[in-house]
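# Residue-level structure breakdown
Each chain is listed here by its residues.
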Amino acid sequence: MNDEKKLLYNILKKFNGMGKIEAYDLIHKLETLLFYTSNPINEEELKQIIVSNLSLNHEIDPFHFTMLPNGNSCEFDGFNEWLHIYKENRRIFPNWSILDTYYFKTKYAPIDLKKLTKKRLLMDLKGKPEEEKIINFLKEYKISKKDVITNRLLILEA
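Keep in mind that this is a model prediction, so the values were computed, not measured.

## Looking at the pattern of salt bridges
Counting across every chain of the model gives three salt bridges. Taking the shortest distance from any N to any O, the salt bridge between Asp124 and Lys114 comes out at 2.4 Å. Of this pair, Asp124 sits in helix H4 (residues 118–125) while Lys114 sits in strand E5 (residues 109–115), and the two are ten residues apart along the sequence. We classify Asp124 as buried; its relative accessible area is 13%.

## With respect to the confidence of the model for the protein chain
Here the protein chain shows a mean pLDDT of 83. Residues at 70 or above account for 89%. Mean pLDDT across the elements of the protein chain bottoms out in strand E1 (residues 65–67) (71) and peaks in helix H5 (residues 131–140) (94).

## Structural notes on the packing of aromatic side chains
Going through the model one piece at a time under the given rule, you end up with three aromatic pairs. An aromatic cluster is defined as three or more aromatic residues linked by ring pairs; in this entry it consists of Phe76, Phe79 and Tyr86. Over the ring of Tyr108 we find Lys128, and its NZ or CZ is 5.2 Å from the ring centre.

## Notes on H5
Within H5, burial applies to Ile134, Phe137 and Leu138. Down the axis, H5 shows its buried residues gathered within 95 degrees of arc, on one side only. Residues of H5 that are exposed and angled more than 90 degrees away from the buried face: Glu132, Lys139 and Glu140. Its buried side turned inward, H5 meets H4.

## Thoughts on the side chain of Thr101
Its place among the elements puts Thr101 in the loop between strand E3 (83–89) and strand E4 (102–106). Judged by its relative accessible area of 16%, Thr101 is buried. Excluding its chain neighbours within four sequence positions, the residues that come into contact with Thr101 are Tyr86, Lys87, Glu88 and Lys115.

## Points about the pairing of E4
With respect to burial, E4 is a largely interior element, five of its five residues being buried. Neither face of E4 is left uncovered, since the one carrying Tyr102, Phe104 and Thr106 and the one carrying Tyr103 and Lys105 both have all their residues buried. The pairing of E3 with E4 spans five bridges and is antiparallel. From the neighbouring strand, His84 faces E4, where its bridge partner is Lys105. Judged from the three bridges that link them, E4 and E5 form a sheet pairing that is antiparallel. Residue Thr106 lies in a different strand from E5, and its bridge partner there is Ala109.

About the criteria used
- Residues numbered from 1 in each chain as written.
- Predicted model: local features only at pLDDT ≥ 70, side-chain atom pairs only at ≥ 80, totals over all residues.
- Heavy atoms only, no water.
- Salt bridge = Lys/Arg side-chain N within 4 Å of Asp/Glu carboxyl O.
- Helix = DSSP H or I, 4+ residues; strand = E, 2+ residues; numbered from the N terminus.
- Buried < 20%, exposed > 50% of the residue type's maximum accessible area, 1.4 Å probe, protein only.
- pLDDT = per-residue confidence, 0-100.
- Phe/Tyr/Trp six-rings, centres within 6.5 Å; stacked < 30°, edge-to-face > 60°.
- Lys NZ or Arg CZ within 6 Å of the ring centre and 35° of its normal.
- Arc of directions from axis to C-beta.
- Contact = heavy atoms within 4.5 Å.
- Pairing = 2+ DSSP bridges.

Listed below in C-alpha cells is the structure:
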C-alpha cells in the first residue's frame, strides 16, 4: 500500500462500528475544522479551534449542508453575520411547516450544529455582543417566528 492509502486505512479504522450517519457527521465536522485551520495543519492549532470559541471574520460554515444523527439532512435556510440557520428535511410530512425543526451554528461555535431553541441560543451567546439584542427579541417573538412576506426567520434580522 502506498502512504496515502495507509493513512486513509488508519483513519477509517477509527470509524469501525460507527453508524454511517455518525461517520458522515464526523467527516463534515472535520471538513469544517480544516476550513478554519492554516496550511500546513498544526495539531496545537486544531486543538485550539476545537476547544475555543472562535470569533471569525469569514463564513461560519462554507458547506451549507449537514446530516443529522436521525438520518435526515439539514439544508441552509438563512444567515446573518454571526448566525447560520439550517432546516431539517423530514422524510415524513415534509410540507407540514408546523413540524419544521431548525438548527443553528454561530461564529462562536462554527463546528457545532445545535437545535434552535431559546435556551441553546442564549447559552451560545452568553457574554457575546449579540446577547442583549437576542434577549430583547425573544421577549417579543418566538424563536421560530417568520416574516409573513419573505418567509425568513425574524431572528436573522435581530
